[in-house]
Every structure is written in C-alpha cells, then in structure tokens.
Amino acid sequence: MAQPVEIPPDPTAAVQAAEAEVPPELIAQSFGEYVRAWAARLRGGDIGVLPVVVGLVAIMIVFEIISPNHVFLHADNLVNLFEQSAVFMVLAMAETFALILGEIDLSIGYLGACGAVIAVQLVQPVTTGWPWWAAIVAALLACAIAGAIQGTIITRLGIPSFIVTLAGYLIFNGVMLILLLLGPFSGYPNLASSDTNVQVLYNMMAGTIDPTISWIGMGVVVVGLGALMWFGDARRRRAGLVAPPPSLTLLKIGLIAIAGIVVVAICNINRANIGVLAGVPWVVPIVLAVLAAWTILLERTKYGRYVYAIGGNAEAARRAGINVALIVTIAFALCSMTAGIGVLLYASYIGGMSNNVQGGQLVLFAVAAAVIGGTSLFGGRGKAIHGVLGGLVIGGIYNGMYLQSLDVQRIFIVTGLVLLAAVSIDALSRRGKVSGLGLTRR
Amino acid sequence: MPPCNVRGGIFFLGSKMTKMAQVAEPLLKVRGVDKHFGAVQALYGVDLDLPAGKVTALCGDNGAGKSVFTKCISGVYQPDHGEVFWDGQPVHIHNTRDASRLGIETVYQDLALCDNLDIVQNMFLGRERLSRYLLDEDDMERAAAETLASLKVTTVRSIRQPVASLSGGQRQSVAISKAVMWNSKLVIMDEPTAALGVVQTRQVLDLMKRLRDRGLAVMVISHNLNDVFEVADRIAILYLGRMVIQDDASKFDRQRVVEYMTTGGKGMKAAAN
Ligand SMILES: Nc1ncnc2c1ncn2[C@@H]1O[C@H](COP(=O)(O)OP(=O)(O)O)[C@@H](O)[C@H]1O
Ligand SMILES: [Mg+2]
C-alpha cells in the first residue's frame, strides 16, 4: 500500500460546512427548531430525500395532467408502475453497497440475469424440476459467489472496480446466453405453466395477496414499526441521549401509516377490465423485505458501520483494525445477490427469460435510481431507501412517457437528464470535497 | 538512563531490587530501532524511553524520521532491527491491533477520522458495542459523552454530528479522546497542532496535560517550540534518523533544541570543547 500523502485538515472549510452539515435533529430541541434547522441545511446544499420526494410528486402531477384520459393515477396503472419500478428499486439497493464504498458495479445487470436464468431453468418440470425455493437459493448463491470473486479480484489485485465489473459485464452477458440455451427451450425458458411450483416464480411480481390479508399485514407492519420508533425515541429522550422531539416521531409514524393505507387502498381497488383483480401484489412485501434487511444491515450492524467507514476513509478504517478487503468483498457478494433478486422479479414480470434482457440498461438505471434517490457517487453516503425512491422516479418517468406513446429514445434522453441533475446536486452538495469514483483509491 | 540490561538484572538480583527496577522502568522502552525503505535508511539504532505520567516531545527537522518512528511503535511499520519493551517485557508489535491491545493509541497526523461518521461512531470505530447482534448505540453514545465530558471537550454542539462538520481542533480533540476512552496507557500524537489556530491549539495542549495528569504516557511530535516548551516534561530530538539527545525539558532552552534539530548537536559539542 502506498503511503498516503499527509494532508493537513482545512479548518476554515470545515467551519463553513458546519452549519449546513449537522443533521438538524441533532441540535434542535423542539419541532419549530427542527424545521428551521432543516431549512438551514437545505439552503446549505445538504439535500436528504426532499428533492426526490418533490420530484416524485411533480412527476405524478405532470403525467396525470398530460396522460391520455388521465389514466396515470388509475389504480391499475399505479400498480403496474410499482411493478416496473420494483426491478429498478432492488437493483439500485444492490448498487448501493458498491456506491457507499466509493466503488461501482457495472456487472449486476447481466450477473443478476444469470441468476434469474438459473432459477427459471431449475424449476422447469420437463428438465430439473427443482422446488421453487431451492431454485431461488441456488440462483442467489451463484450470484453471491460470482460477486465475491469480482470483489476478491478488486481487493486482492487492487484493480479498480470499474474495470473488473466492466469485464464482468461482458463475461456474464456471455454466460447468460449460454445458460439460456440449456434444455429444450430454444433459449426462451418461461414461467407460464400450469405447474404450481413454477407458478410461484411467475406470481412473485404480480400475484396478489387477498385484500383482507393485505390490510392486516399492512396494519401489523405499521403498528410494529411505529411502536419500535416511538418507544426507541422515548427511551433515548429519557436517557438524555440525542433524539428527535416527540412531535417529529409522531409525524414520521403518521406518514408511514398514511403511505401504508394509501398503497393498500389503491391495490385493493379492482384493476381488471373483466372479472376481479385486487389485492397487494407480492412484489410489495418482497421489496419491503429487501429494504428492511439492507437497512438493518447497513445502519444497525457492525458490518454496515464498516462499509460506511471504508467509504468515508478507507485508510482510517484500516488503522481502526477493520479488515477492509474482507468487508469490500462481502459487499460485492451482497450487491450481486441482491441483483439476482432484482432480475428474478424482472423474469417474473415478463414471464420468463430470453436474450432480450438488456443488462447494460438495467445497471445504468440501477445506478441512476440510487443516485437520484440521494446516494452519493463519491462514497460514504447512501441508504437502501434511496434506491426505492429513485426506482420510483425512474419507473414513473418510464411509465408516464410510455403512456404518451413516446419512443424509447425519448425515454432514454429524459432519464439521462434526470440522472445528470441528480449527480449535479450530489456534486454541488459536496462543494470541493470531490474525490473520485473509486478509480483512484486502494 | 543507564544502558544496563534490566531483565538480566532481574534475573540475578533479590526480590526487593526487582521491585525497584520495575518502578524505575519506563512504560515503553525502545532500543536500537532501524528502519529502511529501499535505499533510504530512515532510522538508525533509535533509543527512546517513554515514562508514564510524562509528556515526551519528539522533535526534529522535516524528514528526520519522526513519523516513521511513530509508525514503528504503533504497528503500522515493522522495524528492521531493534527491541521494544512494554512495562519491562519484550514485545513484538506486528500491527495496529497488537498496539491497541497493549494500550498504545496513536493520533495520526493524517487520516485519523471518517468524515461521514459522527463523533460517537468514530470514537468506537473498530470496537463497537453490541446488544443482541445489533449496534448498541445508546450505550456507545453514553460512554462517548462521559469521556468527552471528563476531558472537558465541551465545545461540540452534538456528539451525533458528523466529524466533517467539526473544526480542526475539535477533530483533534475527538481523535485524542478516542484514545483515552480505550483505557490506553500510551498516547502518541503526530503533529496534533499543525494547521490549528491559537484557540484550537490551546484546547489540544490542555487536553494533553489532562492525559498526563491521569498518569498516561504521552508522546507528541511537534515543530512548534512554543507548544513543546509548554507541555513537554521530556524532550527527545531526532536528527537524520538518529536520536541525538533525550533529557528532561528543564535541561533545554530554545536555542539548544534548535541547534540539535538543525545540526544534530555538532555545534554544541564544538562549543563545549
Ligand atoms: N513509506 C515510505 N517509503 C519510503 N520512504 C519513506 C517512507 N516514509 C518515510 N520515508 C522517508 O523516511 C524519512 C523520514 O520521514 P518522516 O518520518 O516522514 O519524517 P518526519 O520527521 O518529517 O515525520 C524521509 O526521508 C522519508 O522520505
Ligand atoms: Mg511527519
């Protein structure tokens, strides 16, 4: 390892940044102070999730107004929009592991596709006929191993992740095509089948949960989460630790409850032209489960703490005794495994796998979704929830422009512009602290 | 310091004498440390004693080898030759973990903290407390707050602010407090006041004195002779990789320190002769 140059800290810049970067909940005692501190932080350029939420609302309003017959906000379109977005959301949550480290993983589109093909192939009754859960476990394990190999090359040989995963992009594109041709399916193994085992994969995306159970499940989640937040904050306040004011905790819980009720209410509207199609699609709990798991891992465990530490200052992490190479390798494995879930949802959406899967486009949308949601391209900052919000933005643009019968080229241009805006906000909010894109480190 | 082999002495002397020898033993004793990088010899047979309850200032011109020496005893580098005794026992420090296990904590001149983590997270980095497999944030926040308060590091607005938002002096204070929280016995600081303003330097110097008063051994590298004479009980001077003198601070004045730093004491000897 090269000896890092000795850079004296720049106290003036730090002082100037201080006002803007202190999270408002840490210095504010009352709700009013909190709001003022938050406004100060916004003016200072630290943006949080506000721009993406505002952007989402804007997208909804604009597309509702311009969509033919105002179908954008119809229940069937909103559910469809969520299903389209879910793939971007999960892939963005995958990419978040690499981005927090200040790295990037360009391979996850095709690597995840390999995982999806493995699962789709393994459940086929005419060939292997594996139970759906075993097929999924095998697929995700294969993805994790492939990711760990890439991570090992990046950390042990010191090659930039950009280059290693660019090679992986090509390699896994080839591997996917080979895997597709296995078995008697002419390269199109599909999930439309009367076999109930196969139908489990087919229904991962759009299969519905009974409306009543949807309500109950939502209630359990909201009450459980609300109780955790409320009692956790109350305990910290009693102990004299840093905690938001009770009004703010209540507001957050209220917003979560409203979101839950709105989602279930929309999903429970009958969205079939003939017959009945109502209830929350399975993809919603799947996305929430991934979100919950990765949020807990990143924000509540030692492992997650080390991921942020390495993204912030790899040398400091190393001197704190952290095994940087191991943590980074595991992160690439988790990234690839999550990508496997994402493309499996995609396979469920299109009802099988084929060589039409655009792994390159998927990975670019994944990076775009994460960054639009608020994850930094420069390392050290990012959350799983950013991937979910950014995925909704991309899904919204995609869906809204599709309703306008706009060509795919226009959709690309608009999505690219939105990404450029998000990256610009990210770069501006760092104001001179810009380092690089994982190309120069380690 | 008599150059006798104390361990040999323990072997042959009676129990009463053994105790006395142990009391006189400095917390960390370094003997004959060499270190080279390729063709560059950075350290030549360096000896140094760091007694508990004393601030030892390590002085020297740029490139004298101060940072390299620091890294040799904090486990970042391995010396080529030489011995290190901790409480009189020979030890081998292979990495930074070995050093922290002994109770050696280093505040590096560069790259000490993660900007994106808050004060509590930085103070516990690598040694997080857990409850049921998850991070015990409440416990860590309480312990960090207690440590900062006991060291009178009270200028930070909230210990949950990211260290990127701290001033240079506050950052150094956090880095130093981190060392104390781990019940360290020896704290090494490489130019902790470089790039700090007057008030912030004051904070850091006061903090060093508090560590000494708690009975810790402190080694500080500094270019600033004002700082050195303000806090140091002992002064050791490196010149081109060689330890040219180490003695009580009272035996030095500014001119003598500068002389040793710039000429290795050749001028002094000439004058004495
Ligand atoms: N990692 C390294 N590789 C090669 N040479 C080094 C390395 N670190 C330090 N040196 C050399 O060792 C000598 C002492 O450096 P250093 O300890 O940093 O000086 P200072 O007393 O100013 O802290 C210098 O000549 C420096 O160039
Ligand atoms: Mg130095």
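Nothing here was measured: the structure is a model prediction, and the numbers come from that model.

Cut-offs and rules
Residues numbered from 1 in each chain as written. Chains lettered and ligands numbered in written order. Predicted model: local features only at pLDDT ≥ 70, side-chain atom pairs only at ≥ 80, totals over all residues. Heavy atoms only, no water. Salt bridge = Lys/Arg side-chain N within 4 Å of Asp/Glu carboxyl O. Helix = DSSP H or I, 4+ residues; strand = E, 2+ residues; numbered from the N terminus. Buried < 20%, exposed > 50% of the residue type's maximum accessible area, 1.4 Å probe, protein only. Expected span 1.5 Å × (residues − 1). Phe/Tyr/Trp six-rings, centres within 6.5 Å; stacked < 30°, edge-to-face > 60°. Lys NZ or Arg CZ within 6 Å of the ring centre and 35° of its normal. Contact = heavy atoms within 4.5 Å. Core = buried A, V, L, I, M, F, W, Y, C linked by side-chain atoms within 4.5 Å. Axes fitted to C-alpha atoms, helices over the stretch in contact; angles between N-to-C directions. Parallel < 35°, antiparallel > 145°, perpendicular 65-115°, else oblique. Nonpolar A, V, L, I, M, F, W, Y, C, P; charged D, E, K, R; others polar. Domains from an automatic or database assignment. Buried area = accessible area lost by both parts, 1.4 Å probe. Polar contact = N/O pair within 3.5 Å; in protein donor to acceptor, adjacent residues only side chain to side chain.

**Digging into the pattern of salt bridges**
Residue and element names in this part refer to chain B.
Part 1: Per the stated rule, a full pass over the model turns up 21 salt bridges over all chains.
Part 2: A salt bridge links Arg127 to Glu105; its shortest N-O distance comes to 3.0 Å. Taken together, the residues span a long stretch of sequence, with Arg127 in the loop between α5 (119-123) and β7 (130-131) and Glu105 in strand β6 (residues 104-107) at a distance of 22 residues.
Part 3: Its salt-bridge partner being Arg160, residue Glu141 comes within 2.8 Å of it at the nearest N-O pair. With Glu141 in helix α6 (residues 137-150) and Arg160 in the loop between α6 and α7 (168-181), this residue pair connects regions lying 19 residues apart in the sequence. Across the pair, exposure class does not vary: Glu141 and Arg160 are buried alike.

**Quick word on helix α15 (residues 359-373) of chain A**
Part 1: Taking 1.5 Å per residue as the helical rise, α15 of chain A with its 15 residues ought to reach 21 Å, and the 21 Å between its terminal C-alpha atoms agrees with that figure.
Part 2: A large share of α15 of chain A lies buried, amounting to 13 of its 15 residues.

**Structural notes on the packing of aromatic side chains**
Residue and element names in this part refer to chain A.
Part 1: Summed over all chains, the structure comprises seven aromatic pairs over all chains.
Part 2: Each ring, one from Phe97 and one from Trp294, has its centre 5.4 Å from the other, and the planes form 85°; the classification is edge-to-face. Highlighted residues: Phe97 in helix α4 (residues 75-100) and Trp294 in helix α11 (residues 283-300), separated in sequence by 197 residues. Across the pair, Trp294 and Phe97 agree in class, each one buried.
Part 3: Directly above the aromatic system of Trp230 lies the positively charged group of Arg237, at a separation of 5.9 Å from the ring centroid.

**Digging into the environment of Pro51 of chain B**
Residues and elements named next belong to chain B.
Part 1: Here Pro51 lies in the loop between β2 (40-50) and β3 (55-59).
Part 2: Classification of Pro51 by relative accessible area gives buried; the value is 19%.
Part 3: In sequence terms Pro51 and Val204 are 153 residues apart; their C-alpha atoms lie 21 Å from each other.
Part 4: Apart from residues no more than four positions distant in its own chain, Pro51 is found in contact with Pro26, Leu27, Thr56, Ala217 and Arg234.

**Description of the nonpolar core**
Part 1: Ranked by size, the top nonpolar core spans 113 residues in total, and within it Met93 and Met353 of chain A carry the most contacts.
Part 2: For this core, the element with the most residues is α4 of chain A, which contributes 16 residues.
Part 3: In this view, Met353 of chain A contacts Ala113, Ala116, Val117, Val120, Leu180, Gly187, Tyr188, Pro189, Val343 and Ala347 of chain A; residues no more than four positions away in its chain are not counted.
Part 4: Val156, Val180, Val187 and Ala249 of chain B belong to the second-largest nonpolar core, a separate cluster that totals 49 residues.

**Things to note about the packing of helix α9 (residues 211-238) of chain A against helix α10 (residues 246-268) of chain A**
All names here are of chain A.
Part 1: For the pair α9 and α10, interaxial distance at closest approach is 10 Å and the crossing angle is 170°. The pairing of α9 with α10 is recorded here as roughly antiparallel in orientation. For the pair α9 and α10, the contacting residues are Pro211, Ser214, Trp215, Met218, Val222, Leu225, Gly226, Met229, Trp230, Asp233 and Arg237 in the first and Pro246, Thr249, Leu250, Lys252, Ile253, Ile256, Ala257, Gly260, Ile261, Val264, Ala265 and Asn268 in the second.
Part 2: The residue makeup of the contact of α9 with α10, split by class, is 15 nonpolar, five polar and three charged.

**Concerning the domain arrangement of chain B**
Residues and elements named next belong to chain B.
Part 1: Taken domain by domain, chain B consists of domain 1 (15-103 + 184-272) and domain 2 (110-165 + 172-178).
Part 2: Between domain 1 and domain 2, the residue contacts involve 11 residues of the former and 11 residues of the latter.
Part 3: Of all residues in domain 1, Leu207, Arg210 and Arg214 give up the largest surface area on contact with domain 2, accounting jointly for 45% of the area buried on that side.
Part 4: Scanning the region where domain 1 abuts domain 2 turns up zero salt bridges.
Part 5: Where domain 1 touches domain 2, the interface holds two residue pairs in polar contact (both at pLDDT 80 or more).
Part 6: Among the elements of the structure, α4 (96-102) and α8 (198-213) are those that each provide at least two residues to the side of domain 1 that touches domain 2.
Part 7: Here the side of domain 1 that touches domain 2 gets five residues from one element, more than from any other, and that element is α8.
Part 8: Of the residues assigned to the side of domain 1 that touches domain 2, the class counts are six nonpolar, two polar and three charged.

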